[in-house]
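Listed here are the chains, written in short residue letters.
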Amino acid sequence: MSELPSVNPWLDPSQKPYIQIENVTKKFGDFTAIDNLNLDIYKNEFFSLLGPSGCGKTTLLRMLAGFEKVTNGRILLDGEDISEIPPHLRPINMMFQSYALFPHMTVEKNIAFGLKQDNLPPNEINQRVEEMLQLVELTDFAKRKPNQLSGGQSQRVALARSLAKRPKLLLLDEPLGALDKRLREQTQFELMDIQEKLEVTFVIVTHDQEEAMTVSSRIGVMDSGNLIQVATPTEIYEAPVNKDVADFIGDVNILRGIYKGQNDVGTQLHSDDSDSIVFATQEVGASTGDEMWFAIRPEKLEISKKKPTDQHNILNGRIEDIAYGGSFSTYHVRLDNGRILKAIRANRVRTEEHHLTWEDEVYLHWTPHSAVVLLS
Amino acid sequence: MFFMLPFIFVLKISLAEPIMAIPPYTALLEWGDSFFPSIRASLESYLFLFSDSLYIKAYLSSLKIAIISTILTLLIGYSIAYSVAKAPTRWRGVLLMLVILPFWTSFLIRVYAWIGILKTEGLLNLALMSIGIIDKPLIIMNTDLAVYIGIVYSYLPFMILPLYANLEKMDMSLLEAAADLGCRPFKTFWTVTIPLSMPGILAGCFLVFIPVMGEFVIPDLLGGTKTLMIGKVLWTEFFYNRDWPVASAVAIILLALLVVPIMLYQKSQEKAIS
């Protein structure tokens, strides 16, 4: 996650948001791409718009850039309504998914392009281009043309070009999509460093939830033109607002239950998957008999052959599949009623004493704090 | 080799002498007393061309008309190609069809149609006079202007198609990137679109310039006696004067003049592919 001042700006009522998206709707003919969306983004955030293909995240980004006009509503930047301002007049720059480097210009000229539009004096332009080349470590590539660059190098040029004008807001459209895994991881941290160093607000669109979790100050999860949840990566992961968000981020086991009431530990549910009653620690305002769900992340399910001493939060089943991942192993456990749950355990002991193997009868157990109750 | 045959024939005829016979030129090889035939060739046709200023004037006039026509065709053709490339995808096929459709009718008939439009009592003058823009008919037929109209009209598809092929493939995100970096739309056109459409522009220009240099039908039907083009001169030599050697020499020299543009065209296409 990226670092921010000790009180997160979105929790501080005295802080004014840098970007305000107010009641924005975008229609393409009959199709509603963005449906009455409201969002505040604060200065120096590294904000991610995350969601499946077609959820509207790229459309929202393009509206911030000015390439799509708002059908209804308005967009404010630092208090000023920019909804009607065309893209070439907005103090915002964008890094395109395809990089969009000008093929007939050298790397230098690509980076200098935006500065030339502002009619800056030539030596200032050269200086700024030098700075940018150093920032992305491509000083030796200044005279090359885009068709002489690798994918990673093209990406850096695109980044340098988009930062050359020192915009206050940088939009990034799936910037790491075309890179291989190792390069992607490396670039994620570099992006975070650059963002902090230059004090630019970043808004990034991605469908890769791991990426969003790594780099973001906050994530906005979108689906079908709506914002489902806006929160820090931790909150999104550990306290998803509904089944869709829980399922979209990382792995999760979602079980159904019937509300029985509250006791001193928390919410009491009766689950279809086991005869023992299940607890979770949230307080939920509901009535007896209401249907709800609880979500448990695989790493929070303890798996063992010995029956746990607790009375509650126990399921038993048989190991059907094991995926050995080196640092951890994933166990697929089939319960008596046929449902399969996923449990992950770190391989902390080199020679496994409590060795688990296929067909083993095991108990799955979790603490009341580990599960999240979901109402929808 | 097959494509070279006509050229070789014409070259052979250009080196012969005109005679009253069928065909009206001397043979290249003559069998006399000795065992091997002797070669009878002469450069008198070529010398004749250089001596009479008519031919030099005709080449220069063709050059002038070809260059101006190419520029006019480029200006009109680029606008059309650009509009089609920017049109909604489902309309593009139809629009291109409209551009190519005239090709399906005979070239000669289309040129004749222009006579009907441009002549003194033709459609254009009738329309303008009935609206009241002019009270005396415009004299367009049998002038250089009519030739330009005819050439631009006939050769537009040759300009539009390569331009369109290039513009259609253009990455729209490049234009967005330019705008995002602060470039106004008009300037984006000159700094991004035009340089990137250069291969299409060059292809279109060569595909118009090279054939127009030797164009005959359009200047003959639409132009006046003052409209001097080398194609007409060649025709006159061949059919009226029955001087096949001179006519052939005219053709060979025209080809020699076009070698440079043709090679430039080849080079530009190779560059575009790489």
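How each quantity is defined
- Residues numbered from 1 in each chain as written.
- Chains lettered and ligands numbered in written order.
- Predicted model: local features only at pLDDT ≥ 70, side-chain atom pairs only at ≥ 80, totals over all residues.
- Helix = DSSP H or I, 4+ residues; strand = E, 2+ residues; numbered from the N terminus.
- Buried ≥ 20, exposed ≤ 12 C-beta atoms within 10 Å, placed from the backbone.
- Contact = placed C-beta atoms within 7 Å.
- Rg over C-alpha atoms; globule rule 2.2 N^0.38 Å.
- Domains from an automatic or database assignment.
- Nonpolar A, V, L, I, M, F, W, Y, C, P; charged D, E, K, R; others polar.
- Pairing = 2+ DSSP bridges.
- Axes fitted to C-alpha atoms, helices over the stretch in contact; angles between N-to-C directions.
- Parallel < 35°, antiparallel > 145°, perpendicular 65-115°, else oblique.
- Left-handed = near helix turned anticlockwise from the far one by under 90°.
- Core = buried A, V, L, I, M, F, W, Y, C linked by C-beta atoms within 7 Å.
- pLDDT = per-residue confidence, 0-100.

S.K.: Help me understand the overall build of chain A in this model?
M.R.: A count of helices and strands for chain A gives 8 helices and 20 strands. Looking at the 376 residues of chain A, the share that counts as buried comes to 36%. Restricting the contact set of chain A to residue pairs at least 6 apart, pairs at least 24 apart contribute 65%.

S.K.: Which parts of the structure should I look at to understand the overall build of chain B?
M.R.: Scanning chain B for helices and strands turns up 12 helices and 2 strands. Listing every helix and strand of chain B by position from the N terminus yields α-β-β-α-α-α-α-α-α-α-α-α-α-α. Against the compact-globule benchmark of 19 Å for 274 residues, chain B has a radius of gyration of 24 Å, which places it well outside the compact range. Here the C-alpha coordinates of chain B stretch approximately 85 × 55 × 35 Å along the principal axes. Relative to its full complement of 274 residues, chain B shows a buried share of 31%. Taking contacts inside chain B between residues at least 6 apart in sequence as the whole, the part at least 24 apart equals 69%.

S.K.: Just to check I follow, could you spell out unusual backbone geometry for this structure?
M.R.: A negative phi angle is the norm for most residues apart from glycine, just as the trans form is the norm for most peptide bonds. Residue and element names in this part refer to chain A. Of note in the backbone geometry, Asn119 takes a positive phi value of approximately 55° without being a glycine. With respect to the helices, strands and loops of the structure, Asn119 is situated in the loop between helix H2 (107–117) and helix H3 (122–135). Notably, Arg166 is not glycine yet its phi reads approximately 50°, a positive angle. The topology assignment puts Arg166 in the loop between helix H4 (151–163) and strand S7 (169–173). Arg166 gets classed as partly exposed once you count the C-beta atoms within 10 Å, which come to 16.

S.K.: Even after reading the chapter, I still don't get the domain arrangement of chain A, so can you show me in this structure?
M.R.: Accessible area lost when the parts come together is the quantity often used to give the size of an interface. All names here are of chain A. Taken as a whole, chain A is organised into domain 1 (9–91 + 167–246) and domain 2 (251–374). Between domain 1 and domain 2, the C-alpha centre-to-centre distance is 34 Å. Across the boundary between the two partners, domain 1 contributes 5 residues, which contact 6 residues of domain 2. Along the lines of polarity and charge, the residues of the side of domain 1 that touches domain 2 split into 3 nonpolar, 1 polar and 1 charged.

S.K.: Honestly, the environment of Trp358(A) in this entry has me stumped. Any pointers?
M.R.: All names here are of chain A. Take Trp358: it is sitting in the loop between strand S18 (340–346) and strand S19 (361–365). Here Trp358 falls in the exposed class, since 11 other C-beta atoms lie within 10 Å of it. For the pair Trp358 and Gly266, spaced 92 residues apart in the sequence, the C-alpha separation amounts to 35 Å. When sequence neighbours within four positions are dropped, the list of residues in contact with Trp358 reads Ile319 and Ile322.

S.K.: Honestly, the sheet that holds strand S2 (residues 31–41) of chain A in this entry has me stumped. Any pointers?
M.R.: Sheet strands associate in pairs through backbone hydrogen bonding, adopting either a parallel or an antiparallel arrangement. All names here are of chain A. Read from one edge of the open sheet, 4 strands run S2-S1-S4-S5, paired in antiparallel fashion. The sheet is open, and its two borders are formed by S2 and strand S5 (80–81), each paired with just one other strand. Pairing of strand S1 (residues 19–28) with strand S4 (residues 72–77), which is carried by 5 bridges, proceeds in the antiparallel orientation. Residue pairing across strands places Thr25 opposite Asn72, the latter belonging to S4.

S.K.: When you look at the interface of chain B and chain A in this model, what are you seeing that I'm missing?
M.R.: Contacts between chain B and chain A engage 14 residues on the former and 15 residues on the latter. Elements with a minimum of two residues in the side of chain B that touches chain A: helix H8 (172–180) and helix H9 (185–213) of chain B. For the side of chain B that touches chain A, the class distribution of residues is 8 nonpolar, 2 polar and 4 charged.

S.K.: Can you help me understand the packing of helix H3 (residues 53–86) of chain B against helix H7 (residues 144–168) of chain B in this one?
M.R.: Residue and element names in this part refer to chain B. The interhelical angle for the contact between H3 and H7, taken along N-to-C directions, is 45°, at an axis separation of 7 Å. The angle between H3 and H7 falls in the class oblique. The crossing of H3 and H7 is right-handed.

S.K.: Can you walk me through the sheet that holds strand S16 (residues 314–324) of chain A in this structure?
M.R.: Residues and elements named next belong to chain A. Overall, antiparallel pairing links the 5 strands, which are arranged S15-S19-S16-S17-S18 in an open sheet. Two strands lie at the open edges of the sheet, namely strand S15 (302–304) and S18, each paired on one side alone. On average, each strand axis in the sheet is tilted by 40° relative to the strand beside it, whichever way the strands run.

S.K.: When you look at the packing of H2(A) against H4(A) in this model, what are you seeing that I'm missing?
M.R.: All names here are of chain A. Interhelical geometry of H2 versus H4 gives an angle of 30° and a closest axis separation of 7 Å. If you check the angle between H2 and H4, you find them roughly parallel. The hand of the H2/H4 crossing is right-handed. Seen from H2, the contacting residues are Val107, Asn110, Ile111, Phe113 and Gly114; seen from H4, they are Val157, Ala160 and Arg161. Residue composition of the contact of H2 with H4, by class: 5 nonpolar, 2 polar and 1 charged.

S.K.: What am I meant to see in the pairing of S4(A) here?
M.R.: Residue and element names in this part refer to chain A. Of the pairings in the sheet, the one linking S4 to S5 comprises 2 bridges and is antiparallel in character. Paired with Leu76 across the strands is Asp81, a residue of S5. Counting the residues that bridge the hairpin from S4 to S5 gives 2 residues, and of these Asp78 lies at a positive phi of roughly 55°.

S.K.: Would you mind showing me how to read the environment of Ile8(B) here?
M.R.: Position of Ile8(B) among the secondary structure elements: in helix H1 (residues 4–14). When the C-alpha positions of Ile8(B) and Ile252(B) are compared, they lie 10.0 Å apart, and in sequence the two are 244 residues distant.

S.K.: Please explain the nonpolar core as it appears in this structure.
M.R.: General note: in soluble globular proteins, nonpolar side chains tend to be found buried as a group. Counting 95 residues, the largest nonpolar core has Leu64(A), Ala160(A), Leu171(A), Val203(A) and Phe294(A) as its most contacted members. Setting aside chain neighbours within four positions, we find Phe294(A) in contact with Leu255(A), Gly257(A), Leu269(A), Val278(A), Ala280(A), Ala371(A), Val372(A), Val373(A) and Leu374(A). Judged by nonpolar contacts, the second largest core, of 50 residues, contains Leu15(B), Tyr25(B), Ala146(B) and Phe206(B).

S.K.: Could you clarify how one ought to interpret the confidence of the model for chain B in this entry?
M.R.: Low pLDDT marks regions whose predicted coordinates should not be analysed in detail. All names here are of chain B. For chain B, the mean per-residue pLDDT works out to 86, and 99% of the residues sit at or above 70. Mean pLDDT per element in chain B: strand S1 (residues 29–30) is the minimum at 74, and H8 is the maximum at 93. Interface confidence for the predicted complex, given as ipTM, is 0.82, next to a pTM of 0.80.

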